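Spelled out, the chains give:
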Amino acid sequence: MATPFAALAPIRTPGPAPVTYGQLDRKHKDWNGDLWERLRLLKKGGYEILENARLFVPKYPAENSDVYAFRLKQASYIGLLGKVGGYLVGSLFSESLTVSPPTEDAEEAPKLPDEKFYTEFFDDCDLEDTDYAQFMRQAVYDALIFQRALVGIDMPAKPEGVELNNRADSDALDIGRAYLYRIDIDALINWHSVPRSTKGPIKGSEFVWAVIKGVEENREDPLADQSKYRETFKVWRLEGGLVTWEKWRTRELDDKTPPKPEDEMELVTPRTATTFKSIPIEELRLPEELWVGNAAGPMCEEHFRDRSMLKGDMARSLHEVGYVKQGPEIPAVHGPLPSEVQQDPNRGHRAQAAVTNKGWVVIGSQDELGFAGPSGRAHELVVQWLDKVKEEIQGVVNTMALSVSNTSVAVGRSGDSKREDKSATTIILQALALCTKEAAKRIMRHVAQAREEDVEWVASGLNTFDREERTVLVEEATALALVNIPSPTHRRLHMREVALATVPNATPDERRDIIKEINENISDDEVALSPLERTEAMTKAQNPPELAGEDDDEEDDAPAPAAKKPPPGKGKGKPPAKKPAGKK
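Keep in mind that this is a model prediction, so the values were computed, not measured.

**Considerations on the overall build of the chain**
- When helices and strands are tallied, the chain shows 19 helices and 12 strands.
- Looking at the chain as a whole, 38% of its 584 residues are labelled buried.
- Sequence-distant contacts in the chain: of pairs separated by 6 or more residues, those separated by 24 or more amount to 70%.
- Carbon and sulfur atoms make up 53% of the accessible area of the chain, which totals about 34,900 Å².

**Re the pattern of salt bridges**
- In total, this model carries 30 salt bridges according to the counting rule given.
- A salt bridge links Arg 451 to Asp 114; its shortest N-O distance comes to 3.0 Å. Placement of the pair is Arg 451 in the loop between α13 (415-450) and β12 (458-461) and Asp 114 in the loop between β1 (97-100) and α6 (115-123), with a sequence separation of 337 residues.
- Look at Arg 451 and you get buried, because its relative accessible area is 1%.
- Taken together, the shared-partner salt bridges in this structure form one network comprising Glu 216, Arg 230, Lys 247, Arg 249 and Glu 266.

**Considerations on the sheet that holds strand β5 (residues 205-217)**
- Taken in spatial order, the 5 strands make up an open sheet running β4-β5-β6-β7-β8, and their pairing is antiparallel. Single-partner strands in this sheet number two, and they are β4 (188-195) and β8 (266-273). Here the strands of the sheet are splayed against their neighbours by 15 degrees on average, with no regard to which way each runs.
- Summarising the sheet, strand β7 (residues 242-249) and β8 pair through 5 bridges and their orientation is antiparallel. Directly across from Trp 245, in β8, lies its bridge partner Thr 272.

**Comments concerning empty space enclosed by the protein**
- Going through the model one piece at a time under the given rule, you end up with 1 cavity of 30 Å³ or more.
- Sorting the residues of the lining of the largest cavity by element identifies β5 and β9 (281-285) as the ones contributing at least two each.
- The element best represented in the lining of the largest cavity is β5, accounting for 3 residues.
- Here the lining of the largest cavity is built from residues that sort into 3 nonpolar, 3 polar and 3 charged.

**Quick look at the confidence of the model for the chain**
- A residue-level look at the chain finds 66% of positions with pLDDT of 70 or above and a mean pLDDT of 77.
- Low pLDDT (under 50) marks residues 1-6, which in the prediction has 37 contacts with non-local residues, meaning those over four places away or in another chain.

**Brief notes about the nonpolar core**
- Formed by 82 residues in total, the largest nonpolar core has its most connected members in Tyr 132 and Leu 180.
- Here this core takes 12 residues from α13, the largest share from any one element.
- Excluding anything up to four places from it in sequence, Leu 180 contacts Phe 121, Cys 125, Asp 126, Tyr 132, Phe 135, Val 151, Gly 152, Ile 153, Ile 443 and Val 447.
- Listed in part, the 9 residues of the second largest apolar core include Tyr 21, Ile 189, Phe 233 and Met 265.

**Points about the sheet that holds β9**
- The antiparallel open sheet is built from 3 strands, whose spatial order is β3-β2-β9. One side of each edge strand has no neighbouring strand; the edge strands of this open sheet are β3 (179-183) and β9. Across the sheet, the mean angle separating the axes of adjacent strands is 30 degrees when strand polarity is ignored.
- The pairing of strand β2 (residues 148-154) with β9 spans 5 bridges and is classified as antiparallel. When the bridges of β9 are listed, Leu 150 appears paired with Glu 283.
- On the sheet, helix α7 (residues 132-146) packs against β2, β3 and β9 and is oriented at approximately 145 degrees with respect to β2.

**A short note on the side chain of Thr 275**
- The topology assignment puts Thr 275 in the loop between β8 and β9.
- Among the polar contacts listed, one links the side chain of Thr 275 to the backbone oxygen of Ala 450, at a separation of 3.1 Å.

**With respect to the packing of aromatic side chains**
- The tally for this structure, following the rule as stated, stands at 13 aromatic pairs.
- Note that Lys 27 overlies the ring of Trp 31, its terminal NZ or CZ placed 5.3 Å from the centroid.
- Against the face of Trp 191 rests Arg 148, its NZ or CZ located 4.9 Å from the ring centre.

**A short note on the packing of helix α5 (residues 80-92) against helix α9 (residues 292-316)**
- The interhelical angle for the contact between α5 and α9, taken along N-to-C directions, is 155 degrees, at an axis separation of 9 Å. In terms of axis orientation, α5 runs roughly antiparallel to α9. Crossing angle aside, the handedness with which α5 passes α9 is right-handed. Facing Leu 80, Leu 81, Val 84 and Leu 88 of α5, the residues of α9 in contact are Val 292, Gly 293, Ala 296, Gly 297 and Cys 300.
- Counted by class, the contact of α5 with α9 contains 7 nonpolar, 2 polar and no charged residues.

**Remarks on a negative patch on the surface**
- Judged by side-chain charge, Glu 510, Asp 513, Glu 517 and Glu 520 come together as a negatively charged surface patch.
- Structurally, Asp 513 can be placed in helix α16 (residues 508-521).
- Take Asp 513: its relative accessible area is 44%, and that puts it in the partly exposed class.

**What to know about the environment of Glu 301**
- Along the chain, the position of Glu 301 falls in helix α9.
- Assessed through its relative accessible area of 22%, Glu 301 is described here as partly exposed.
- Sequence separation between Glu 301 and Val 57 is 244 residues; the distance between their C-alpha atoms is 9.2 Å.
- Leaving out residues up to four positions away in the same chain, Glu 301 has contacts with Arg 38, Leu 42 and Phe 56.
- Polar contacts involving the side chain of Glu 301 include one to the side chain of Arg 38, which spans 3.4 Å.

Rules used throughout
- Residues numbered from 1 in each chain as written.
- Predicted model: local features only at pLDDT ≥ 70, side-chain atom pairs only at ≥ 80, totals over all residues.
- Heavy atoms only, no water.
- Helix = DSSP H or I, 4+ residues; strand = E, 2+ residues; numbered from the N terminus.
- Buried < 20%, exposed > 50% of the residue type's maximum accessible area, 1.4 Å probe, protein only.
- Contact = heavy atoms within 4.5 Å.
- Areas by Shrake-Rupley, 256 points an atom, 1.4 Å probe, with all protein chains shown as cover.
- Salt bridge = Lys/Arg side-chain N within 4 Å of Asp/Glu carboxyl O.
- Pairing = 2+ DSSP bridges.
- Axes fitted to C-alpha atoms, helices over the stretch in contact; angles between N-to-C directions.
- 1 Å grid on protein atoms, 1.4 Å probe; cavity = no way out; pocket = protein on both sides within 12 Å on 5 of 7 lines; lining within 4 Å.
- Points joined across faces, edges and corners; volume = space filled by probe spheres on them.
- Nonpolar A, V, L, I, M, F, W, Y, C, P; charged D, E, K, R; others polar.
- pLDDT = per-residue confidence, 0-100.
- Core = buried A, V, L, I, M, F, W, Y, C linked by side-chain atoms within 4.5 Å.
- Polar contact = N/O pair within 3.5 Å; in protein donor to acceptor, adjacent residues only side chain to side chain.
- Phe/Tyr/Trp six-rings, centres within 6.5 Å; stacked < 30°, edge-to-face > 60°.
- Lys NZ or Arg CZ within 6 Å of the ring centre and 35° of its normal.
- Parallel < 35°, antiparallel > 145°, perpendicular 65-115°, else oblique.
- Left-handed = near helix turned anticlockwise from the far one by under 90°.
- Patch = residues over 30% accessible without salt bridge, like charges linked within 9 Å, V, L, I, M, F, W, Y side chains within 5 Å.
- Lys, Arg positive; Asp, Glu negative; His and termini not counted.
- Charge placed at Lys NZ, Arg CZ, Asp CG, Glu CD.

The following block contains the structure:
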């Protein structure tokens, strides 16, 4: 992490007391690394969750280790949690997110304090060719799974020995090029925050201090010992309106020599002041009702565990066990004498050897060969239970998503219930859009303040969530066209809403052009017309009549229609005489 272009000199503290590993490695009471790791695996799925199946599939009481290892290899996971989060994010960002300074008129283009920088920033906000809307999309996806996502803001470091006298010097060295980076949810191990004083519905909080833990490895030398590493701690502080940071690290570690709480830490970077007005770590925290990981995560975990247990048990019982059912060796009273084979009391053991050596066996008349296997009833019960768990997961999805899988339950659902699901989903996405826009504005405030720019930001977009909603808007507009509402303002606003909803991926400039064209082309006279008169006017506008007063020369030069009779006074079969050129 580097200091901004206007960073101050490092703050020297006389004779600091030694800082130990135990002091820096303290965890906040809300830090829950085990839960976040399980949610991360459930979100990612694939081979990684199968390699860590023991986190989800328990060992039976007194189960043999080899049998447990066999069951773990049979683990099977369907990535339902990632699909839920991905669908919601896709629906939310079906209309692009735009952040810009406010304008008095919707047709007016926003004025950025530094057009070059902010244009480059919105196109590549993390120096990895990720535009700002896409970066926010990834942050929202993480927040849906973990309830919170962390975004860091940083600026390039000022080269040593270089004096910066003004903003031009900073721009020449590209030091004012702010950028964003993602912070893993478990990297922020300890913090203190206070509620943020905002007027909007999304309150949030600001960090007073924060500790970020990381790992350093020597990857520069291919011959270096790759088992060696160091743990690092970056400490941010906000004191008296001044934001500072410092960096500590452990001695060189490996798997055999883990750090100890009493180990003294090495100060890599002393406390250094920055031009940030607040700690440059923005937290996108969602309310409980929007936390998909909490609502669907336990059921996804249960589905994975039970499905893996079912598959492991089925794999063990795929082969039925052969058996020999022996008849009596002694005949009934006055009954016929059984065969010599049946009189052998050890023929069951010999049958096993005979089948192994010859592939067949001689049995008595009352003996019976067969294969025994599980009835499958227990497996059927588990399959039914898995279907119920999946339906419960879909029940969570139904409150957020616009459609469900084509299961036997979903196919039979009525149109009213689907509309109810759609309404619930729209409400959730609207709330999610509010949280996303607020976080997007706060991030831009960090960037502007670090560059010592006083800019107010507004976020737009994220209003149209699905194509079905756009269809409803168009149908509504068609119906309203037949209603004579004598309000030009109402008609312009409604047409703007419909037009912009049908082009969610339009650029800000294109959206402004659409608004301008609608305002110019919807006149007060048009609104005063009745629906029938408006339809006739539109028809005439689309099919204009031939202009009157055209030159007679053009009429005379045009061939007469074949069905027309010659004009009166003209001889039959004779063409009409032409007028001299230039006369009318």
